[in-house]
Amino acid sequence: MTFKEQLLQQLPKATNTISLRSFVADDLSTTYVGWLNDAEVVRFSNQRFILHSLSSCDAFFHSFEQAPACFLAIDHSDFGMIGTMTVYFNEHHGTADIGILIGERKTWGQGVGLTAWRMVMDTLQKVRGLRKITGGTLACNLSMLSIFRRAGMVEDGIRRGQEVVEGQPYDIHYFAHFIHE
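Residues numbered from 1 in each chain as written. Predicted model: local features only at pLDDT ≥ 70, side-chain atom pairs only at ≥ 80, totals over all residues. Heavy atoms only, no water.

1. What to know about the packing of aromatic side chains
And then number 1: Counting across every chain of the model gives 12 aromatic pairs.
And then number 2: Measuring from ring centre to ring centre gives 4.7 Å for Phe148 and Phe175, while their planes differ by 25°; the resulting arrangement is stacked. A residue pair is termed long-range when its members are at least 10 positions apart, and Phe148 in helix α5 (residues 142–150) and Phe175 in strand β7 (residues 168–178) qualify at 27 residues. For the pair formed by Phe148 and Phe175, the shared burial category is buried.
And then number 3: A connected cluster of aromatic rings, assembled from ring pairs, spans Phe23, Tyr32, Trp35, Phe60, Phe61, Phe64, Phe71 and Tyr88. (Phe/Tyr/Trp six-rings, centres within 6.5 Å; stacked < 30°, edge-to-face > 60°. Helix = DSSP H or I, 4+ residues; strand = E, 2+ residues; numbered from the N terminus. Buried < 20%, exposed > 50% of the residue type's maximum accessible area, 1.4 Å probe, protein only.)

In structure tokens, the structure reads:
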């Protein structure tokens, strides 16, 4: 069974407020596209350089069909879908790289990103053959740095001055969790 199949088969049960599931075609909406076109939501993401449409989002959604990757929806008990997560696998190296977007601003600062991140990390630790979970963010993305640290990940490298945000270069910090250490 592939890493992707294992993750999808073992997606965790909901917490009091957060649940994860596969992103489906019905999730493609003007609200979702709006998150990707919201400068504040994608402030630290390279998505900020793209004008998104339902068509471009549909193409992205379908790119996961045959890819060694998962596209997940984050649901909130009060607000419905509030964000997405991606998990890109490399079975040759036993790695999984996670990304997250919390689009629904009403939920910012409530710990939903950390909860979803931990849910995926906990599930990935059960995937047979997986040895390392990774993620990365810009030094100016303090919320994401906090998620990495609070989820028990450790620094795994820095690319100095790698990307520019609002005219200023920032380092990218990479984090990792080694499953059997």
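After that view, the rundown keeps rolling.
2. Considerations on the sheet that holds strand β6 (residues 154–165)
Neighbouring strands of a sheet are bound in pairs by backbone hydrogen bonds; such pairs are parallel or else antiparallel.
And then number 1: The strand order across the open sheet formed by seven strands is β1-β2-β3-β4-β5-β7-β6, and the pairing between neighbours is mixed. Strands at the two margins of the open sheet, each flanked by one partner only, are β1 (18–22) and β6. Strand-to-strand, the axes of this sheet are offset by a mean angle of 25°, without reference to chain direction.
And then number 2: By the bridge criterion, seven bridges tie strand β5 (residues 132–138) to β7 in an arrangement that is antiparallel. Across the sheet, Thr137 pairs through a bridge with His173, a residue of β7. (Pairing = 2+ DSSP bridges. Axes fitted to C-alpha atoms, helices over the stretch in contact; angles between N-to-C directions.)

Coordinates in, geometry out; function isn't part of it.
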